[in-house]
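Residues per chain, in single letters:
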Amino acid sequence: MTHTKISMAQALNQALRDAMHADDTVVMFGEDVGALGGVFRITDGLTAEFGENRCFDTPLAEAGIVGMAVGMAMNGMRPVVEMQFDAFGYPAFEQVVSHVAKMRNRTRGRVQLPMVIRIPYGGGIGGVEHHSDSSESYFAHTPGLTVVTPATVADAYGLLRKAIEFPDPVVFMEPKKLYWAKEEVDLTEDQPGIGTAVVRREGADATLIAYGPALPVALEAAEVAAAEGRQLTVVDLRSVVPFDDETVCAAVRRTGRAVVVAEASGFASVSSEIVARVTEKCFHSLAAPVRRVTAFDIPFPPPKLEKYQLPSVDRILDAVDDLQWEDS
Amino acid sequence: MTTVEERLLPSAEPVCLIDQNGLPHEHPSYELPTKAALLDGYTELIRGRRFNDQASALVRQGRLAVYPSSHGQEACQVAATMVLKEGDWLFPTYRDSVSIVSRGVDPIETLTLLRGDWHSGYDPYAHKVAPQSTPLATQLPHAVGVAHAARLKGEDTVVMALVGDGGTSEGDFHEALNFAAVFHAPVVFFIQNNEYAISVPLAKQSAAPSLAHKGVGYGVPGERADGNDLAGLLAVLGQAVEKARAGEGPQLVEAHTYRVQAHTNADDATRYRQDDEVTPWLDRDPIQRLTTYLEQQDWLDDDVRRQAEAKAAEVATQLRDGLMPEPEVDPADLFKYLYAEETQQLREQAAFLRDELAREEA
Ligand SMILES: Cc1ncc(C[n+]2csc(CCOP(=O)(O)OP(=O)(O)O)c2C)c(N)n1
Ligand SMILES: [Mg+2]
């Protein structure tokens, strides 16, 4: 199979198309996902190709969308639903937390919910209020949910295919600022599964742990650091839940220093969980406290101010500089 | 004695007092507004249209992040505020900038959200206009709360709560209607049914006979009006406001209009609708029909025209002058206004950013 240059949006679209070809029970629905193909065009052409029964618009109600997906999953289908934007998924929160997350547990495994909730998330697109939230921590905090987020085009395809095949509900967080990022990829190449983190760059001096929209920033920082003489490992989490302690801790133990990079606010977040885990498990390998580069603990700012909120290469390098090098 | 059906069900046809050809029609329940009201409305419509088109032009010039225009829906926008008294409240959405300006809010402050220098630019108490709500229908329970509080305080406030056709599918719409009915809250729920929620046409949004029928299940009287007929809207909304103020509880009004442009500048409507669907609506334009009627009455003299044009030109100039310069933003604002008392953590984060910016400058 040859490599083709495609965007993350196209890879996601292809994943949906291939999943729908592979399995008749896969259905896609949500707001504007039919004729329009979704506001980000992730479902482009699916209704035309598979018909109204397989990819369709719903009335405008997120609780209804997720609730109906629960019922369809209970009755033998594999629904994939789209929340139009991060902050517009909140009306569905009750369904997600009280039902999607708990169904297997409350029925002692008798009812499974093989469903996927796709959520475009994060900033970096100059969106006005309510269009740039990082909502992953709410879901990661909820036991019973599997939470994954691709940061590369290949993973967008691979992880979405795996999410749709997964026996349990997956919250699939799509970094919207990366939708248009293009890469040469071979989509037939198998990608690591859900629950596996991947080392994107090797370096002996310190480890950057990042996921989703923060990964390209971390990689860029590692590039700059290398030019300045410091070699950084970059771990791409990919799967927030389940969490790959092994890969993350192995990298941290190898390097003895770590910075977690995330686009979400830091307080009580995925990034704080990573720091806690790394500190608990790798304490004796650490030469310095684990640092974080996250957003401030404020509502996502309006477009004219968002640059101050997003993790930057400079902030990452500053945090790396702070890892008590002089003591070693 | 009126029957339940008579009390709750909307008219069989949307109320229309001046049709698309500018011809007046008698209606058993509604009277044509006065000449003065129609002339005021004319001026407001002309100004509202200019506001919409100027704002859209400024998006193309990169001066606004996005603009959801109410072009073609100006009769709804203007009527919603014309029927209110000073002490009343307006609860608008992202599409209702013209309504907000018509209420007296500064045009530039109105567009702060869409320019992207802050989330809401005006003082909600100054003109009793709630911040524009983007999460659909979520503002409606707030509207009920404001109305209920006013009742408890013995004030005769009425709250005008705006929502789109798509928004009526959200749970919050239904909860708000039910709460308003149970608490007898003086709210007028005003649905601007422009037939689309982004790409989703009304037929896929609801199977109800009309959106005004959605009140029935909650005991809220529904009515519907031609959304491009300012005269009919003023009469219907005016009566709804009066009833709410008189203690008859919440009212639901659906205006049947049409979104003649794309959802926003970022949307491509050719992906989901044909031009020949839009064309007939251009003939139903709210300004055109009112102009024809006023001309036929010989009420549209040069003074009125000149005054309307002057107000339109003024708002266009305000927008250009106000939006052309890059707005000044202060990163320190990011940490303000979160809590009545700033937390230690936020103070530290503000100091971090201050320090970072100082180093960048050095
Ligand atoms: C809770 C929520 N879900 C989704 C959206 C995204 N969205 C913004 S506008 C819109 C369509 C709204 O249609 P309608 O209520 O008819 O209002 P209109 O835009 O036509 O004025 C959608 C789906 C949102 N803003 N809020
Ligand atoms: Mg609409």
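Quick notes on the rules
Residues numbered from 1 in each chain as written. Chains lettered and ligands numbered in written order. Predicted model: local features only at pLDDT ≥ 70, side-chain atom pairs only at ≥ 80, totals over all residues. Heavy atoms only, no water. Domains from an automatic or database assignment. Contact = heavy atoms within 4.5 Å. Buried area = accessible area lost by both parts, 1.4 Å probe. Salt bridge = Lys/Arg side-chain N within 4 Å of Asp/Glu carboxyl O. Polar contact = N/O pair within 3.5 Å; in protein donor to acceptor, adjacent residues only side chain to side chain. Helix = DSSP H or I, 4+ residues; strand = E, 2+ residues; numbered from the N terminus. Nonpolar A, V, L, I, M, F, W, Y, C, P; charged D, E, K, R; others polar. UniProt positions renumbered as here; feature names shortened; annotations may be inferred. Near = heavy atom within 4 Å. Areas by Shrake-Rupley, 256 points an atom, 1.4 Å probe, with all protein chains shown as cover. Core = buried A, V, L, I, M, F, W, Y, C linked by side-chain atoms within 4.5 Å. Buried < 20%, exposed > 50% of the residue type's maximum accessible area, 1.4 Å probe, protein only. Pairing = 2+ DSSP bridges. Axes fitted to C-alpha atoms, helices over the stretch in contact; angles between N-to-C directions. Donors = N, O, S within 2.8 Å, 3.2 Å for Na, K, Ca; no water. Patch = residues over 30% accessible without salt bridge, like charges linked within 9 Å, V, L, I, M, F, W, Y side chains within 5 Å.

Moving on, we come to the domain arrangement of chain A. Often, the extent of an interface is quoted as the loss of accessible area on bringing the components together. Residues and elements named next belong to chain A. With domains assigned, chain A is organised as domain 1 (4-185) and domain 2 (198-321). With centres defined by C-alpha atoms, the gap from domain 1 to domain 2 works out at 26 Å. The partner domain 2 presents 22 residues to the 27 residues of domain 1 that form the contact. Both faces combined, the contact of domain 1 with domain 2 buries some 1800 Å², and carbon together with sulfur accounts for 59% of it. If you sort the residues of domain 1 by the area they bury against domain 2, Thr149, Ala151 and Lys177 come out on top, with a joint share of 21%. Our enumeration of links across domain 1 and domain 2 arrives at two salt bridges. Linking domain 1 with domain 2 are 11 residue pairs in polar contact (both at pLDDT 80 or more). Those elements that provide at least two residues to the side of domain 1 that touches domain 2 are helix H6 (136-140), strand S6 (146-148) and helix H7 (153-165). For the side of domain 1 that touches domain 2, a count of residues per class yields 12 nonpolar, 11 polar and four charged.

Below, the discussion takes up the UniProt feature "domain: Transketolase-like pyrimidine-binding" (unreviewed entry) in chain A. Here, UniProt's "domain: Transketolase-like pyrimidine-binding" (unreviewed entry) annotation points to residues 6-181 of chain A. Structurally, residues 6-181 of chain A comprises 36% helix and 17% strand, and the distance from its first C-alpha atom to its last is 8 Å.

As far as domains go, chain B holds domain 1 (4-329) and domain 2 (330-362). Taking only C-alpha atoms into account, the centre of domain 1 of chain B sits 39 Å from that of domain 2 of chain B.

Around ligand 1 there are 20 residues in total, and Glu62 of chain A together with Tyr94, Arg95, Asp165 and Gly166 of chain B lie nearest to it. Two or more chains meet at ligand 1, and those chains are chains A and B. Residue Tyr94 of chain B places a side-chain N or O atom 2.7 Å away from an oxygen atom belonging to ligand 1. Relative to its unbound accessible surface of 580 Å², ligand 1 loses 96% to contact with the protein. Residues belonging to the shell around ligand 1 are distributed by class as follows: eight nonpolar, seven polar and five charged.

The next point concerns the nonpolar core. Residues and elements named next belong to chain B. Counting 65 residues, the largest nonpolar core has Tyr67, Met160, Val188, Phe190 and Leu294 as the members making the most contacts within it. Residue contributions to this core peak at 10 residues, all from helix H11 (residues 230-245). Dropping the residues within four chain positions of it, Met160 is found in contact with Ala80, Val83, Leu84, Trp89, Leu90, Phe91, Val188, Phe190, Leu237 and Val241.

To continue, consider the sheet that holds strand S6 (residues 222-226) of chain B. Residue and element names in this part refer to chain B. Strand order in the open sheet made by the five strands is S1-S2-S3-S7-S6, with parallel pairing throughout. Edge strands, defined here as strands with exactly one partner in the open sheet, are strand S1 (89-91) and S6. Between one strand axis and the next, the sheet turns by 20° as a mean value, whatever way the strands run. The pairing of strand S3 (residues 187-193) with strand S7 (residues 251-256) spans six bridges and is classified as parallel. If you follow Asn193 over to S7, its bridge partner there is His256. Helix H3 (residues 74-82) contacts S1, strand S2 (159-164), S3 and S7 of the sheet and is inclined by roughly 170° relative to S3. Across the sheet, helix H9 (residues 171-182) lies against S2, S3 and S7, angled at about 150° from S3, the strand it touches most.

With that out of the way, let us pick up the coordination of the magnesium ion (ligand 2). In a perfect tetrahedron of four donors around a metal, the angles come out at 109.5 degrees. In a perfect octahedron of six, they are 90 or 180 degrees. Residues and elements named next belong to chain B. Coordination of the magnesium ion (ligand 2) by the protein involves Asp165 (OD), Asn194 (OD1) and Tyr196 (O), with metal-donor separations of 2.0 to 2.1 Å. All donors of the magnesium ion (ligand 2) belong to a single chain; written as a sequence motif, their spacing is D-x28-N-x1-Y. With Asp165 in the loop between S2 and H9 and Tyr196 in strand S4 (residues 196-197), this pair connects stretches of sequence that are 31 residues apart. Given the relative accessible area of 6%, Tyr196 is considered buried.

Attention now goes to the interface of chain B and chain A. With 41 residues of chain B at the interface, the matching set in chain A holds 34 residues. For the pair chain B and chain A, the two sides together bury roughly 3300 Å², of which 61% comes from carbon and sulfur. Where chain B packs against chain A, one counts five salt bridges. Looking at the side of chain B that touches chain A, the elements that each hand over two or more residues are helix H6 (112-115), helix H10 (202-205) and helix H15 (344-361) of chain B. In terms of residue count, the dominant contributor to the side of chain B that touches chain A is H15 of chain B (seven residues). Within the side of chain B that touches chain A, the residues separate by chemical class into 21 nonpolar, nine polar and 11 charged.

Turning next to the side chain of His263 of chain B. All names here are of chain B. Among the secondary structure elements, His263 is positioned in the loop between S7 and helix H12 (275-282). On the accessibility criterion, His263 (15% relative accessible area) is buried. Apart from residues lying up to four places away in sequence, His263 is in contact with Pro68, Ser69, Tyr94, Arg95, Ile198 and Tyr272.

Turning our eyes to something else, we now look at a nonpolar patch on the surface. Residues Phe179, Val182 and Phe183 of chain B make up a contiguous nonpolar surface patch of about 300 Å² in total accessible area. By the element assignment, Phe179 of chain B lies in helix H9.

Residues and elements named next belong to chain A. Reading across the sheet, the five strands line up as S9-S11-S10-S13-S14 and stay open at both edges, with mixed pairing between neighbours. Every interior strand has two partners, whereas the edge strands, strand S9 (198-201) and strand S14 (291-295), have only one. Neighbour to neighbour, the strand axes of the sheet diverge by 25° on average, direction disregarded. In terms of strand pairing, strand S13 (residues 258-265) meets S14 through four bridges, oriented parallel. Across the sheet, the residue bridging to Ser265 is Ala295, located in S14. Taken strand by strand, helix H9 (residues 245-255) contacts S9, strand S10 (206-210), strand S11 (232-236) and S13, and its axis lies near 155° from that of S10.

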